[in-house]
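# Structure assessment
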Amino acid sequence: MAYGLLKGKRGIISGALDENSIAWKVALKAKEEGATFVLTNAPIAMRMGAINDLAKQCDAEIIPADATSLEDIENLFTKSTEILGGKIDFVLHSIGMSLNVRKGKSYGDLNYEWFQKGVDISALSLHKFLQVAEKLDAINDWGSVVALSYIAAQRTYSFYNDMAEAKAMLESIARSYGYRYGKAKSVRVNTISQSPTKTKAGSGIEGFDAFYDFAEKMSPLGNASADDCANYAITLFSDLTRFVTMQNLYHDGGYSSTGISEELVTMIQQQAQQQQ
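As recorded in an unreviewed UniProt entry, the protein chain goes by the name Enoyl-[acyl-carrier-protein] reductase [NADH], listed as coming from Dyadobacter fermentans. UniProt's Catalytic activity (unreviewed entry) comment on the protein chain is quoted here verbatim: "a 2,3-saturated acyl-[ACP] + NAD(+) = a (2E)-enoyl-[ACP] + NADH + H(+)". Taken from UniProt, the Pathway (unreviewed entry) comment for the protein chain reads in full: "Lipid metabolism; fatty acid biosynthesis."

Encoded structure:
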């Protein structure tokens, strides 16, 4: 059911790779709620994905942009306001990549050039989006910027490798720039810390399937789906959350507040009995 939450609003949605992507789901929900927007992704990601299909479904134009390039980001915001006929009301930052994870480097054997590249793509890109938008005055007062994060920014998950540092920086930037942009233009900036989700990026992490099952058993509500994450993002883009900013918002079925679940205790006890 649509509620018209984004009727008349304009936006930029980054990171839609395929139909399993959270950004893909956000785009479909935003369209359903009445928004108009442009889609963007890095040129190499666009060749790998099916973003053209999404653009047709949403009547949206695509503006390729390297999230590490200030020139590309300036072009993205300038063209977006031209195409959409006015300033932007919402931005989804769904951008993250670790070469060390992709290439199987352990945390104690990182390639630091790859590490720096990963931080640039996954975290500094948010600062670049916000800095460019502020300088161009491209976002309307009371606009909303949402970036996707993960609980590894606060807790250690060995399989998450150097992406943990990138997400920690991402959340810090959201707080710091959220204060600045809030004072200047009442623009709010938040991050969503999502459950492990079966996207192309998530599924590429070693041990992901086992952790997905663990998180499902830990969370009283179970893992939040990509569709439900999209619903949450839409509320943050809407006027219903005008005074929510500088927050890292857990969307994980209660996982982040659960020490251990009854289900896991029972499973461990059963395993112990079997070993006796």
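The discussion continues.
A few words on the nonpolar core. Grouped together as the largest cluster of nonpolar side chains are 35 residues, with contacts concentrated most on Phe 77, Val 91, Leu 126, Phe 129, Leu 130, Ile 139 and Val 145. Those elements that place two or more of their residues in this core are helix H4 (70-84), strand E3 (88-93), helix H6 (112-136), strand E4 (139-149) and helix H7 (163-185). If you tally residues by element for this core, the top one is H6, at 9 residues. Filtering out sequence-adjacent residues up to four positions away, Val 91 remains in contact with Ile 12, Phe 77, Phe 129, Ile 139, Ser 144, Val 145, Val 146 and Phe 237.

The next thing to look at is the packing of aromatic side chains. Here a ring pair, both rings aromatic, is described through the centre-centre distance and the interplanar angle of the planes. Scanning the entire structure with this criterion turns up 12 aromatic pairs. Arranged with centres 5.9 Å apart and planes meeting at 50°, the rings of Tyr 150 and Tyr 157 form a pair that is tilted. Accessibility classification places Tyr 150 together with Tyr 157 in one group, the buried group. Taken together, Tyr 150, Tyr 157, Phe 159, Tyr 160, Phe 211, Phe 214 and Tyr 255 form an aromatic cluster joined through their ring pairs. Stacked on the ring of Tyr 212, the Lys or Arg Lys 198 has its end atom at 4.4 Å from the ring centre. One cation-aromatic arrangement involves Arg 242 over Trp 142; the distance from NZ or CZ to the ring centre is 4.2 Å.

To continue, consider the pattern of salt bridges. One side chain can pair with another of opposite charge once the charged atoms of both are near each other. A full pass over the atoms with the stated rule returns 8 salt bridges. Among the salt bridges present, the one from Arg 180 reaches Glu 134, with a minimum N-O distance of 2.9 Å. Of the two residues, Arg 180 is situated in helix H7 and Glu 134 in helix H6; the sequence distance between them amounts to 46 residues. Assessed through its relative accessible area of 47%, Arg 180 is described here as partly exposed. Between Asp 137 and Lys 185 there is a salt bridge, and its shortest N-O distance comes to 3.5 Å. With a gap of 48 residues between them, Asp 137 in the loop between H6 and E4 and Lys 185 in helix H7 connect regions that are remote in the sequence. Residue classification places Asp 137 among the partly exposed positions, given a relative accessible area of 28%. Look at the salt bridges and you will find they share partners, linking Lys 87, Asp 137 and Lys 185 into a network.

Moving on, we come to the sheet that holds strand E1 (residues 10-14). Strands belonging to one sheet form pairs held by backbone hydrogen bonds; the direction of such a pair is parallel or antiparallel. Spatially, 6 strands are ordered E2-E1-E3-E4-E5-E6 in an open sheet, and the strand pairing comes out parallel. At either end of the open sheet lies a strand with only one pairing partner, and these are strand E2 (36-40) and strand E6 (248-251). Averaged over all neighbouring strand pairs, the angle between strand axes comes to 20°, with direction disregarded. Bridging between E4 and strand E5 (residues 188-194) involves 6 bridges; their strand directions are parallel.

Turning our attention to unusual backbone geometry. Of note, the phi angle at Asp 137 is positive, near 50°, even though the residue is not glycine. Of note, the phi angle at Met 246 is positive, near 65°, even though the residue is not glycine. Looking at the secondary structure, you find Met 246 in the loop between helix H10 (226-237) and E6. By relative accessible area, which is 31% here, Met 246 ends up partly exposed.

Thresholds applied
- Residue positions are given per chain, counted from 1 along the sequence in the order it is written.
- The model is predicted, so local features are restricted to residues of pLDDT at least 70 and side-chain atom pairs to those at 80 or more, both for listing and for counting; the totals for chains, interfaces and linings are taken over all residues.
- The side-chain quantities take in all heavy atoms of the structure and omit both hydrogens and water.
- UniProt positions are given in the numbering used here, feature names are shortened, and annotations may be inferred rather than shown by experiment.
- Put simply, a nonpolar core is a bunch of buried Ala, Val, Leu, Ile, Met, Phe, Trp, Tyr and Cys residues held in one set by side-chain atoms that sit within 4.5 Å of each other.
- Whether a residue is buried, partly exposed or exposed follows from its accessible area with a 1.4 Å probe, protein chains only, as a fraction of its type maximum: under 20%, in between, or over 50%, in that order.
- A run of H or I in DSSP becomes a helix once it reaches four residues, and a run of E becomes a strand once it reaches two; helices and strands are each numbered from the N terminus.
- Any pair of residues with heavy atoms lying within 4.5 Å of one another is described as a contacting pair.
- Centres within 6.5 Å are what make two rings of Phe, Tyr or Trp a pair, Trp counting through its six-membered ring; a difference in plane orientation under 30 degrees is then read as stacked, over 60 as edge-to-face, and the rest as tilted.
- For a ring to carry a charge above it, either NZ of a lysine or CZ of an arginine must fall within 6 Å of the ring centroid while also lying within 35 degrees of the normal to the ring plane.
- Each reported salt bridge corresponds to a side-chain nitrogen of Lys or Arg within 4 Å of a carboxyl oxygen of Asp or Glu.
- Strand pairing is assigned whenever DSSP detects at least two bridges linking the two strands.
- Orientation is described by lines fitted to C-alpha atoms, with helices fitted over the stretch in contact, and by angles between N-to-C directions that extend from 0 to 180 degrees.

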